[in-house]
Amino acid sequence: MQSIADNYFALFGLPVEYRISRELLGLRYRELQHRLHPDRFAATGDLQRRLAVQQAAYINQAYQVLGDPIARAKYLLELHGADTSAEGEAPKVDNAFLLEQMELRESLGEVRQAPDPHWAMARLMERIQADTKDLVRELEQHLDQSAPRDPVPVLVLIDKMQYLDKLRQQAERIEAELDHF
């Protein structure tokens, strides 16, 4: 059984940068899963089967991290030696962003009472997606050039992404409720 790469990007044959091809990631993931799936080693010894299970878990973890914009940004920072743990003082997002989030959450709370809740939800989801795309572009600028000298601006962008991701998840739950009525 072949050894597996120590770096998630190398595992999938991708350049070490934030901007990735989701299609290529998916293709390489399926190729690795096919080639290294534990079922292919069912007739081998215990050690080979355990290694196959470990490799499959590693491949799945790598795919999850690289497929998620927030996890991918954190992983890149870690590869460049930055500490992304929540210990210590977390970077602060600006007050204007926090006010925007409060307004968006207020809008989300009012969706059910809107004359056309589905239309109101669609507009809110468009706004969340547009804001997320803007943050992704900023992350690309910070992480695709080289190792960031100062990880704090990237950590602030990651925090903003997390705010928007939580809001998106809440919106999707409400949207699912609206679809049932």
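A brief report on the enclosed structure follows. Not measured: the values here are computed from a predicted model. (Residues numbered from 1 in each chain as written. Predicted model: local features only at pLDDT ≥ 70, side-chain atom pairs only at ≥ 80, totals over all residues. Heavy atoms only, no water.)

Further remarks concern the overall build of the chain. Regarding its fold elements, the chain presents seven helices and zero strands. In terms of overall dimensions, the chain is more spread out than a globule: its C-alpha atoms have a radius of gyration of 20 Å, far above the 16 Å expected for 181 residues. Each principal axis of the C-alpha atoms in the chain carries an extent, and together these give about 65 × 45 × 30 Å. Taking all 181 residues of the chain together, 36% fall into the buried category. A sequence separation of at least 24 residues applies to 71% of the contacts in the chain between residues at least 6 apart. Surface accessibility of the chain: about 11200 Å² in total, with carbon and sulfur atoms responsible for 51%. Here the chain contributes 22 positively and 30 negatively charged side chains, and the mean placements of these two sets differ by 6 Å. (Helix = DSSP H or I, 4+ residues; strand = E, 2+ residues; numbered from the N terminus. Rg over C-alpha atoms; globule rule 2.2 N^0.38 Å. Buried < 20%, exposed > 50% of the residue type's maximum accessible area, 1.4 Å probe, protein only. Contact = heavy atoms within 4.5 Å. Areas by Shrake-Rupley, 256 points an atom, 1.4 Å probe, with all protein chains shown as cover. Lys, Arg positive; Asp, Glu negative; His and termini not counted. Charge placed at Lys NZ, Arg CZ, Asp CG, Glu CD.)

By size, the foremost hydrophobic cluster in this structure holds 34 residues, and its most contacted members are Phe-12, Tyr-18, Leu-66, Leu-139, Leu-143 and Ile-158. Contributing elements (two or more residues each) for this core: helix H1 (8–11), helix H2 (22–36), helix H3 (46–67), helix H4 (69–79), helix H6 (117–143) and helix H7 (152–179). At seven residues, H7 tops the list of elements feeding residues into this core. Once you skip the residues sitting within four places of it in the chain, Tyr-18 turns out to touch Pro-69, Arg-72, Ala-73, Leu-76, Val-136, Leu-139, Glu-140, Leu-143, Asp-144 and Met-161. Grouped together as the second largest cluster of nonpolar side chains are 13 residues, Val-111, Ala-120, Leu-124 and Ile-128 included. (Core = buried A, V, L, I, M, F, W, Y, C linked by side-chain atoms within 4.5 Å.)

The tally for this structure, following the rule as stated, stands at five aromatic pairs. With 5.4 Å between their ring centres and 65 degrees between their planes, Tyr-8 and Tyr-58 make a pair best called edge-to-face. Of this pair, Tyr-8 sits in helix H1 while Tyr-58 sits in helix H3, placing them 50 residues apart in sequence. Among the residues examined, Tyr-8 registers a relative accessible area of 11% and is labelled buried. Each member of the aromatic cluster is reached from another via a ring pair, and the members are Tyr-8, Phe-9, Tyr-58 and Tyr-75. Just above the ring of Tyr-18 sits the side chain of Arg-72; from NZ or CZ to the centre is 4.5 Å. (Phe/Tyr/Trp six-rings, centres within 6.5 Å; stacked < 30°, edge-to-face > 60°. Lys NZ or Arg CZ within 6 Å of the ring centre and 35° of its normal.)

So yeah, pure geometry; function would need other evidence.
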